[in-house]
Amino acid sequence: MDARTLIHRYLLGEATEAEVQKLDRLMAEDKGLRREYVQAAAMDTGLREVAFERAAEPVSIPSSKANSSQASMLLWVGVLASIAALLVFTVVSVSVPNNPDPVATLASGENAAWESSLPTTPGSELSPGVMKLISGIATIRFDSGAEVVLEAPAQLMLISRMRGKLIDGAAMVSVPEPAVGFVLETPSGYVVDHGTRFAVNVAGDGKASDFEVIEGEISVHLSSTGEEVRLTDQQSASIAKEKLVTFEGNIPERTLDQSNQVIRIGSGGRATSVVRNNNRRKRLHPDMLMVKRTETGTQDRRSFFSFDLSEVDWNQVTTARLRLNLIPSGIGFANRLPKSNRFGVYGLTNEAKRNWSMDSLWADAPAPEDGLLLGTFEIPRSRQRGVFGIEGDELLNFLKTHGDEPITLILVRETGQVEGEGPGLVHAFASDSHPESAGPVLEFGIQ
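Scoring rules and cut-offs
- Residues numbered from 1 in each chain as written.
- Predicted model: local features only at pLDDT ≥ 70, side-chain atom pairs only at ≥ 80, totals over all residues.
- Heavy atoms only, no water.
- Helix = DSSP H or I, 4+ residues; strand = E, 2+ residues; numbered from the N terminus.
- Buried < 20%, exposed > 50% of the residue type's maximum accessible area, 1.4 Å probe, protein only.
- Contact = heavy atoms within 4.5 Å.
- Areas by Shrake-Rupley, 256 points an atom, 1.4 Å probe, with all protein chains shown as cover.
- Pairing = 2+ DSSP bridges.
- Salt bridge = Lys/Arg side-chain N within 4 Å of Asp/Glu carboxyl O.
- Phe/Tyr/Trp six-rings, centres within 6.5 Å; stacked < 30°, edge-to-face > 60°.
- Lys NZ or Arg CZ within 6 Å of the ring centre and 35° of its normal.
- pLDDT = per-residue confidence, 0-100.
- Axes fitted to C-alpha atoms, helices over the stretch in contact; angles between N-to-C directions.
- Core = buried A, V, L, I, M, F, W, Y, C linked by side-chain atoms within 4.5 Å.

1. Notes on the overall build of the protein chain
Of regular secondary structure, the protein chain possesses 7 helices and 24 strands. When each of the 447 residues of the protein chain is scored for burial, the buried share is 46%. Of the contacts made within the protein chain by residues no fewer than 6 positions apart, 61% connect residues no fewer than 24 positions apart. Here the protein chain has roughly 22000 Å² of accessible surface; of this, 49% comes from carbon and sulfur atoms.

2. Quick notes on the pairing of strand E1 (residues 104-115)
As defined by bridge partners, E1 adjoins strand E3 (residues 129-142) across 9 bridges and the pair is classed as antiparallel. Counterpart to Glu-110 in the pairing with E3 is Ile-137. Relative to strand E2 (residues 125-126), E1 runs antiparallel, the two being bridged by 2 bridges. Bridge pairing links Thr-105 to Glu-125 in E2.

3. Quick look at the pattern of salt bridges
If you walk through the whole model with that rule in mind, you get 13 salt bridges. One salt bridge in this structure joins Arg-276 and Asp-300, with 3.7 Å as the shortest N-O distance. Taken together, the residues span a long stretch of sequence, with Arg-276 in the loop between strand E15 (271-275) and helix H6 (280-283) and Asp-300 in the loop between strand E16 (288-291) and strand E17 (301-307) at a distance of 24 residues. On the accessibility criterion, Arg-276 (38% relative accessible area) is partly exposed. Relative accessible area serves as the criterion here: at 6%, Asp-300 is assigned to the buried category. Where Glu-351 meets Arg-354, a salt bridge forms, and the shortest distance between an N and an O atom there is 3.0 Å. Shared partners join several salt bridges into a network, and the residues in it are Glu-115, Lys-132 and Arg-321.

4. A short note on the packing of aromatic side chains
What the rule picks out here adds up to 8 aromatic pairs. Ring geometry for Phe-304 versus Trp-356: centroids 4.9 Å apart, planes at 85 degrees, classification edge-to-face. With Phe-304 in strand E17 and Trp-356 in the loop between strand E19 (340-348) and strand E20 (371-380), this residue pair connects regions lying 52 residues apart in the sequence. Residue Phe-304 is classed as buried on the basis of its relative accessible area of 0%. Relative to Phe-388, the ring of Phe-377 lies with its centre 6.2 Å away and its plane at 20 degrees, an arrangement referred to as stacked. Here Phe-377, found in strand E20, pairs with Phe-388, found in strand E21 (residues 386-391); they are 11 residues apart in sequence, far enough to count as distant. Judged by relative accessible area, which is 6%, Phe-377 ranks as buried. Pairwise contacts between aromatic rings join Phe-343, Phe-377, Phe-388 and Phe-429 into one cluster. Of note, Arg-302 hangs over the ring of Trp-362, and the distance from its end group to the ring centre comes to 4.2 Å.

5. Considering the confidence of the model for the protein chain
When the pLDDT values of the protein chain are averaged, the result is 83; 79% of them are 70 or greater. Within the model, pLDDT remains below 50 along residues 45-97, and this stretch shows 45 contacts once partners closer than five positions in the same chain are excluded.

6. Some details on the pairing of strand E4 (residues 147-160)
Where E3 and E4 come together, 10 bridges link them in antiparallel fashion. When the bridges of E4 are listed, Arg-141 appears paired with Glu-147. Pairing of E4 with strand E5 (residues 163-174) involves 10 bridges; the strand directions are antiparallel. By the bridge assignment for E5, Leu-158 is matched with Gly-164.

7. Here's the deal with the environment of Ile-379
With respect to the helices, strands and loops of the structure, Ile-379 is situated in strand E20. With relative accessibility at 0%, the residue Ile-379 sits in the buried group. Counting along the chain gives 38 residues from Ile-379 to Asn-341, while the straight-line C-alpha distance between them is 5.2 Å. Not counting chain neighbours up to four residues away, the residues in contact with Ile-379 comprise Leu-326, Lys-339, Ser-340, Asn-341, Phe-343, Phe-388, His-427 and Phe-429.

8. Description of the sheet that holds E17
Backbone-to-backbone hydrogen bonds join strands into a sheet, with any given pair of strands oriented parallel or antiparallel. In space, the 5 strands of this open sheet follow the order E15-E17-E22-E19-E20, with antiparallel pairing throughout. Pairing within the sheet leaves two strands with one partner each, and these edge strands are E15 and E20. Looking at each pair of strands side by side, their axes are set apart by 20 degrees on average, direction ignored. As judged from the 5 bridges shared by E19 and strand E22 (residues 407-413), these two strands associate in the antiparallel manner. Bridging from a neighbouring strand, Gly-347 pairs with Leu-409 of E22. In the packing of helix H7 (residues 393-402) onto the sheet, contacts are made with E19, E20 and E22, and the angle to E20 comes to roughly 145 degrees.

9. Notes on the nonpolar core
With 39 residues, the main nonpolar core has Ile-140, Phe-142, Leu-150, Leu-158, Leu-184 and Val-220 as its most contacted residues. When residues of this core are assigned to their parent elements, the largest contribution, 6 residues, is made by E4. Of all hydrophobic cores here, the second largest spans 32 residues; its members include Phe-305, Trp-314, Phe-398 and Phe-429.

Quick look at the structure:
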């Protein structure tokens, strides 16, 4: 079954649990497919909003005693769904604009740090896409009036003015009367609001979702079976392992899930930078790992750091990620850079450079030509804070292959400055001695 058919079946509520898992996996691997899903869901929701205006209660499958008006309503909604599917697969590819209309606004942020291609400045309009909140709290106000307060770490997919998806994390949702019918999806189900305030929490592995009514009424739906429950004040529900369970009062506190653990290894202070003119005292700072690339190159910078992985049990490791904390350097101007800047991480393979010094000069220090490219990441020129890095099989395989002795990773900026004279921005990432942010960390998922 191809991806478009899976999207079609999911939006119609016909997808099995296996099909939902397959669609999630395909979207995680394909950015274009995620965009197509957002566009399809937005169009589907637009038609469903008409249904919400026509019927105060969600349509359910009529029983044998259902009257003809109920059957007619079900048929009418089925027609709408068919139209939605037709539009999705015949019109969306040629009619959806490259810059879709905003569906929400970032109302506020409290010490918020993001990983997102969408704007992260309070007051910014937000188009369909995914907002990943790394730290802090943020309030997103949908154009329908529904308000979602995210608590980090969390990921929220913006689908339409009346629909979102909490991929993981915790959120408090407030829905005024004009936005009644707002839908918030989770990986295992979805909730339809009937005028209320409610809380949602999705476990990081995406297998469990908790719903709690603060005041008002919601309906919670289990995607795999279509089962539905209505919750009112002080009632709760939980979806886990394809089961929907309700509670009077708060949901019992969960025990810690020990099945998916993470171990983190820092560089232990073995992290430094070099500058091409070798003026370390004036151009480098011990709290920062600096990178810069220009046409002339006299003040170019690159950084490198090492990790001792001798204690890692590679038989248990399933994933690997390098995490870097971006911080302001206070040097140069962002307007001298392209709108998006690409950074590369290389694994050192040149044995002659393995015993580098913390006071290395440019010519003696590890460089990209001394290693293998393990991954790249992008940073908008407007961003000077946040968590970035690389992950994937290339990084994991390199670490496994070379982890019997300290490994060195090299960080460079691969994009230069725009045309013109003037000092461009020096990007900086925290070193281990930074007073507020953590230095480079390798994060391993283990069985």
